[in-house]
Amino acid sequence: MSAGSILPELKVYAKGAKAFFADDELAWVQAELKEKSVDEAAGTVSMTFERLTPAQAQEGEAQAEEPTQYRFEATFDELVKKTKVLPPLCNPPILEGIDDLTNLSHLNEPAVLHNLQVRYAMHNIYTYSGIVLVALNPFARVPLYSQDTLEAYAGRMRGELEPHLFAISEDAFQGMVRDKKNQTIIVSGESGAGKTMSAKYIMRYFASAHEDGALRAKSGGGSSSAISRVEEQILATNPVLESFGNAKTTRNDNSSRFGKFLEIRFNERHAIEAAFIRTYLLERSRLVYQPATERNYHVFYQLLAAVPDDQRERLGLKDCSWQSFAYTSQGGSGEIAGVNDAVEFRTTSEALRVIGFSDAQQAQINALLASLLHVGNIEMHGASERLGASIADDDAACARVVELMGIDGTLFRKWLTKKQIVTRSEKIVSNLTRAQALVVRDSVAKFVYAHLFDFIVRTINRSLTGGDIGGSPASFIGVLDIYGFEHFEHNSFEQFCINYANEKLQQNFNRHVFKLEQEEYQREQLANWTFVDFQDNQPCIDLIEGKLGVLALLDEESRLQQGSDRTFAEKLYKQFAVSGRVDPKTPAAFFRKPRFGADAFTIRHYAHDVEYEAEGFIEKNKDTVPDEIQNVLRASTDSLLAAVLAANEPEAQPAAAQSSVGRISVRAARKPTLGAVFKHSLVSLMETIEATESHYIRCIKPNEAKQAWLWDAQMVLAQLRACGVLETIRISCAGYPSRLPIPDFIHRYRVLLPAADSSPPMTPASSVADYRQLAERILRAAFSESDRFQVGLTKVFFRAGMLALIEKQR
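The present account deals with the structure reproduced in this document.

The rules behind the values
- Residues numbered from 1 in each chain as written.
- Predicted model: local features only at pLDDT ≥ 70, side-chain atom pairs only at ≥ 80, totals over all residues.
- Heavy atoms only, no water.
- Helix = DSSP H or I, 4+ residues; strand = E, 2+ residues; numbered from the N terminus.
- Buried < 20%, exposed > 50% of the residue type's maximum accessible area, 1.4 Å probe, protein only.
- Lys, Arg positive; Asp, Glu negative; His and termini not counted.
- Salt bridge = Lys/Arg side-chain N within 4 Å of Asp/Glu carboxyl O.
- Contact = heavy atoms within 4.5 Å.
- Pairing = 2+ DSSP bridges.

1. Looking at unusual backbone geometry
Link 1 in the chain: Phi is positive for Ala27, which is not a glycine, with a value near 75°.
Link 2 in the chain: Inspection of the secondary structure assignment puts Ala27 in strand 2 (residues 27-39).
Link 3 in the chain: Positive phi outside glycine occurs at Trp709, with the angle close to 60°.
Link 4 in the chain: Structurally, Trp709 can be placed in the loop between strand 18 (693-700) and helix 26 (713-723).
Link 5 in the chain: Among the residues examined, Trp709 registers a relative accessible area of 24% and is labelled partly exposed.

2. As for the side chain of Arg312
Link 1 in the chain: By secondary structure assignment, the location of Arg312 is in helix 11 (residues 309-312).
Link 2 in the chain: It turns out Arg312 is buried and unbridged, and the closest side chain with the opposite charge, Asp309, is 4.3 Å from it.

3. Points about the side chain of Asp555
Link 1 in the chain: The residue Asp555 is located in helix 20 (residues 550-558) in this model.
Link 2 in the chain: The side chain of Asp555 sits in the buried core without any salt bridge; Arg559 is the nearest counter-charge, 4.2 Å away.
Link 3 in the chain: When residues no more than four places from it in sequence are discounted, the contact partners of Asp555 are Asn621, Thr673 and Ala676.

4. A short note on the pairing of strand 2
Link 1 in the chain: Here six bridges tie strand 1 (residues 18-23) to strand 2, and the two strands are oriented antiparallel to one another. Bridge assignment links Ala19 to a residue of strand 2, and that residue is Ala31.
Link 2 in the chain: What sits between the antiparallel neighbours strand 1 and strand 2 is a turn of three residues.
Link 3 in the chain: Inspection of the sheet shows strand 2 paired to strand 3 (residues 44-51) by eight bridges, in the antiparallel sense. The partner of Val38 across the bridge, within strand 3, is Val45.
Link 4 in the chain: From the end of strand 2 to the start of strand 3, which pair antiparallel, there are four residues, and Gly43 there has a positive phi angle of about 70°.

Here's what the structure looks like:
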């Protein structure tokens, strides 16, 4: 771009033009151009803007007090080199609140934010952004999900009606029927953004929108009651999984602490016949530790609030509250405003019944949950490291655990306080320190709870599939409800895994958007264009999962007898904290060693730089319980605990491969680390998504207070950046983001032709070539540089901002 090409852009900045300026509180504010000076000889421009109040921005009212002024100054050279950028322009009033962000003539960050704010103020919570549906949580009941609304979207093309998650659902359903390809709807967003509710409504849509499919199934020997039974069971999974997998956090009273992929299975007649759930990375550490103001999993507070009286004394819960147990009182917050845990307990119990848990099995689950609460109250004593840790003979909590779990008390006490090292010739038993014994105690609770959660999910799947868990459906639509990008004051192994998953999903999203954009250019046979370049986050992913990446180094350190968080961090520094200039396309460019403080590292994620505290990484990654303790637990006389621990044991990874036929390594198989298991499940998830047609719903939490229709611009903007909506627009803007059908373009902009041009009007008999030639003449009259536009087979394509420029000329 030459300095002379800046002048046409500056013409758009006429007196009275409105532009956006950054603001600490409101993110972006509108201001009106009052003075402008362009010195072509010196190659400089200066502009003075006055801030508009919200009322002025909407109505053009007079200023009530002294306005804030914004001064912009730059040289043409700075603008060409983009070391300075012109203030982003506001869109004309006619585009205020449009339902697809990509149709904005000025497609920029503040314009996107402003348009969403306008729609939210009008109580429109759904907006398209190209292939993405942006869903703003209203924190209020909205009349958008009635049966009449649901039926209105059935059979309709996307874009015929207002944006809605029903439109996305219908798009996925029609894609499955028409293209005979499996579909995935990816619902993402931060905690409290409305992901779970969105997933519920999507499920309801598939169950209810195409009744003819259900009726055909019935006439073919199926049953409409069977369809409703599957739907009822799927809906029943929500309160169960929320009780066992959700917790109160600082950001959300009902935060999902695991990811979920719900596979809705259809038969040949396109009626729902079954469903299957896969879960990812339950936050195990929450069971034994909660930060201030947070809670453990809901189910423990429900149990304490409403366990039947006939069970309470046997479970050791008589006269007990959440404050009675270490595992439920650490956060100092045992209640949630507006939530009755006793009522929630009954809802959970009824849902468990629908899924297939009998009252007797539920009583066993209650006993196992109570035993875990008592585990946290086992006191470890140990005045000196030489004597080791010990448990008092009269420790009531330990006695209750032994009774409720049905395990050998002597062996349980022994292996909570001692460790055994097996060599080739002997077994050496030594004492654990008090700190080590506490780690083992807590690992028992995490181990049992994680297996209980998996057991409940397996039981749900048997119910949803009619026992045919391994069956292959004719087709399916998957709904992924997964945690969004997380960035807290203190970030540990859980946030690392969550953000790793989001990096992988973001890469899939970017490549999908990029692919669609290129396909459009090829379909329209655009000439003289190169593939749009976009910032692929593969180097960041390589930093995490590469051969010598964070996960590999973490696993290496986790397997060492003397492995520690500090040496893990030091290995990261040695591998990635290189001095001097770093190639921006290498993993090292996405790694930072903190200038102050030890045992921490920063990863430059696509959404935000996040500093992780290495403390706890090794322990959480190992996620191990000593074999001796496991053997005690597996020998339990309690049928539920035995079943929970017996089923679906994680596959061991052979430490050495078979070198030749008949010669096998004597090294024992080793249990995979939690990081390795998560990486494997994430790879499997991405393979599933990439084999399907993807649809995207980005849920946004408009305010932290969870107040109806309240707008926090800074909070929304941070989420738009993190969820990929702005990245979609950036990819689009790198090419030709604005486009118009050729006939519409000619109709609106023919007036730009010079008077001497006597082109005849277009008629139905005019050829495609005639239309294209006329469009090109109009464009040449409007633009001095041909790289600002392209004429395709059916559309005119514009570089970013050029449609607004030609509209200004008109």
